[in-house]
Amino acid sequence: LCVPAVPVLFKQGLENTGVEEGKSLSLRCELTKADATVVWKKGEATLQASAKYEMKQKGTVAELVIHNAEPEDA
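This structure is a prediction, so every number in the text was calculated from the model and none was measured.

Student: Explain the overall build of the chain to me, using residue names and the numbers behind them.
Tutor: Broken down by element type, the chain carries 0 helices and 6 strands. Its C-alpha atoms give the chain a radius of gyration of 14 Å, more than 25% over the compact-globule value 11 Å for 74 residues. Across its three principal directions, the C-alpha atoms of the chain cover 55 × 20 × 20 Å. Taken over 74 residues, the chain has a buried fraction of 22%. Residue pairs in contact within the chain that sit at least 24 positions apart in sequence constitute 45% of those at least 6 positions apart. Accessible surface, the chain as shown: approximately 5700 Å² in total, 53% of it carbon and sulfur. When the 9 positive and 11 negative side-chain charges of the chain are each reduced to one mean point, those points stand 7 Å apart.

Student: Can you tell me about the pattern of salt bridges, naming the residues and giving the values?
Tutor: Within the structure shown, the criterion is met by 5 salt bridges. Residue Lys52 is joined to Glu70 by a salt bridge in which the shortest nitrogen-to-oxygen separation is 3.3 Å. Placement of Lys52 in the loop between strand E4 (45-46) and strand E5 (53-58) and of Glu70 in the segment after strand E6 (61-66) is noted, with a sequence separation of 18 residues between them. With a relative accessible area of 38%, Glu70 lands in the partly exposed category. Where salt bridges share partners, they join Lys52, Glu70 and Asp73 into one cluster.

Student: Please set out unusual backbone geometry residue by residue, giving values where relevant.
Tutor: A positive phi is found at Asn68, a non-glycine position, where the angle reads about 50°. On the basis of relative accessibility, which here comes to 46%, the residue Asn68 falls in the partly exposed class.

Each value, and the rule that gives it
- Residues numbered from 1 in each chain as written.
- Predicted model: local features only at pLDDT ≥ 70, side-chain atom pairs only at ≥ 80, totals over all residues.
- Heavy atoms only, no water.
- Helix = DSSP H or I, 4+ residues; strand = E, 2+ residues; numbered from the N terminus.
- Rg over C-alpha atoms; globule rule 2.2 N^0.38 Å.
- Buried < 20%, exposed > 50% of the residue type's maximum accessible area, 1.4 Å probe, protein only.
- Contact = heavy atoms within 4.5 Å.
- Areas by Shrake-Rupley, 256 points an atom, 1.4 Å probe, with all protein chains shown as cover.
- Lys, Arg positive; Asp, Glu negative; His and termini not counted.
- Charge placed at Lys NZ, Arg CZ, Asp CG, Glu CD.
- Salt bridge = Lys/Arg side-chain N within 4 Å of Asp/Glu carboxyl O.

Spelled out as structure tokens, the structure:
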């Protein structure tokens with residue numbers, strides 16, 4: 001028996017958020033499937049974990065924390 005994979009969808013997408021320059025900003029989205037692979041991008045560039053970008057995922061919630069936010073992070 002072959003069962004097709006159920007696609008992962010967003011239950012709750014990202015919302016526009018403002019933050020003061022130099023502060024940290026947290027962006028969250030909720031998925032329909034726990035522990036699905038999430039790739040964070042800015043334009044075409046894939047973001048990598050660093051001192052600037054922190055990626056977290058617990059169950060169906062994926063989070064990107066941007067430290068020391070700058071206008072270029074928009």
